[in-house]
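Read off the chains here:
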Amino acid sequence: MKKTRDEGGDGLGPQLGRLWAADPVAKAPPWFAAKTMARLRREEDRKRGWFGLPRWVLLGAGAAILAVGWLRWDSQPSVADAELFAALDAMVEEDRESRWWAGL
């Protein structure tokens, strides 16, 4: 069982404990409260991300967007080399025909 300050729980004995308990607690200077409040505001601002949202919300949304992008990237249609070369050949043939019709 933990002893309180009044009971001399710090091992000083009952008489010294009573003397210590009778001593008023010193108050902090006014500048200490101002600096502490400023530090707490800075720490609170660091916890917030963009648009005033908590960082964990932004990180979760970023991870979800990354996961959806990753899954959709696998489902993208791929173009085979043969299809690509066939399209290039068709483009070259169309260019030849238009030059022939233009008389070039």
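Note that the structure is predicted; figures quoted are calculated from it, not measured. (Residues numbered from 1 in each chain as written. Predicted model: local features only at pLDDT ≥ 70, side-chain atom pairs only at ≥ 80, totals over all residues. Heavy atoms only, no water.)

As a further point, take the overall build of the chain. When helices and strands are tallied, the chain shows 4 helices and 0 strands. The buried share of the chain, taken over its 104 residues, is 3%. As displayed, the chain has an accessible area near 10100 Å², and 65% of this comes from carbon and sulfur atoms. (Helix = DSSP H or I, 4+ residues; strand = E, 2+ residues; numbered from the N terminus. Buried < 20%, exposed > 50% of the residue type's maximum accessible area, 1.4 Å probe, protein only. Areas by Shrake-Rupley, 256 points an atom, 1.4 Å probe, with all protein chains shown as cover.)

Next up on the list: the packing of aromatic side chains. Applying the stated criterion across every chain, the model contains 2 aromatic pairs. Aromatic pair Trp-31 and Phe-32: ring centres 6.2 Å apart, planes at 80°, arrangement edge-to-face. Looking at Phe-32, the relative accessible area reads 44%, which means it is partly exposed. Summarising the aromatic geometry, the rings of Trp-100 and Trp-101 are spaced 4.9 Å apart at their centres and angled 80° between planes, so their arrangement reads as edge-to-face. In this pair, the class of Trp-100 matches that of Trp-101, namely exposed. (Phe/Tyr/Trp six-rings, centres within 6.5 Å; stacked < 30°, edge-to-face > 60°.)

Another point: the confidence of the model for the chain. Looking at the chain, pLDDT values average 80 and 80% of them are 70 or higher. For the chain, helix α3 (residues 55-74) is the element with the lowest average pLDDT, namely 84, and helix α4 (residues 81-102) is the one with the highest, namely 89. (pLDDT = per-residue confidence, 0-100.)

We now examine the pattern of salt bridges. Here the structure, examined in full by the defined rule, presents 3 salt bridges. When the shortest N-O distance is used, the salt bridge between Arg-39 and Glu-43 registers 3.5 Å. Of this pair, Arg-39 and Glu-43 are both found in helix α2 (residues 30-47), 4 residues apart, which corresponds to roughly one turn of the helix. Among the residues examined, Arg-39 registers a relative accessible area of 40% and is labelled partly exposed. A salt bridge links Arg-96 to Glu-93, with the shortest nitrogen-to-oxygen separation between them at 3.7 Å. With a gap of 3 residues between them, Arg-96 and Glu-93 both fall in helix α4, about one helical turn apart. For Arg-96, a relative accessible area of 53% translates into the label exposed. Note on Glu-93: relative accessible area 39%, which makes it partly exposed. (Salt bridge = Lys/Arg side-chain N within 4 Å of Asp/Glu carboxyl O.)

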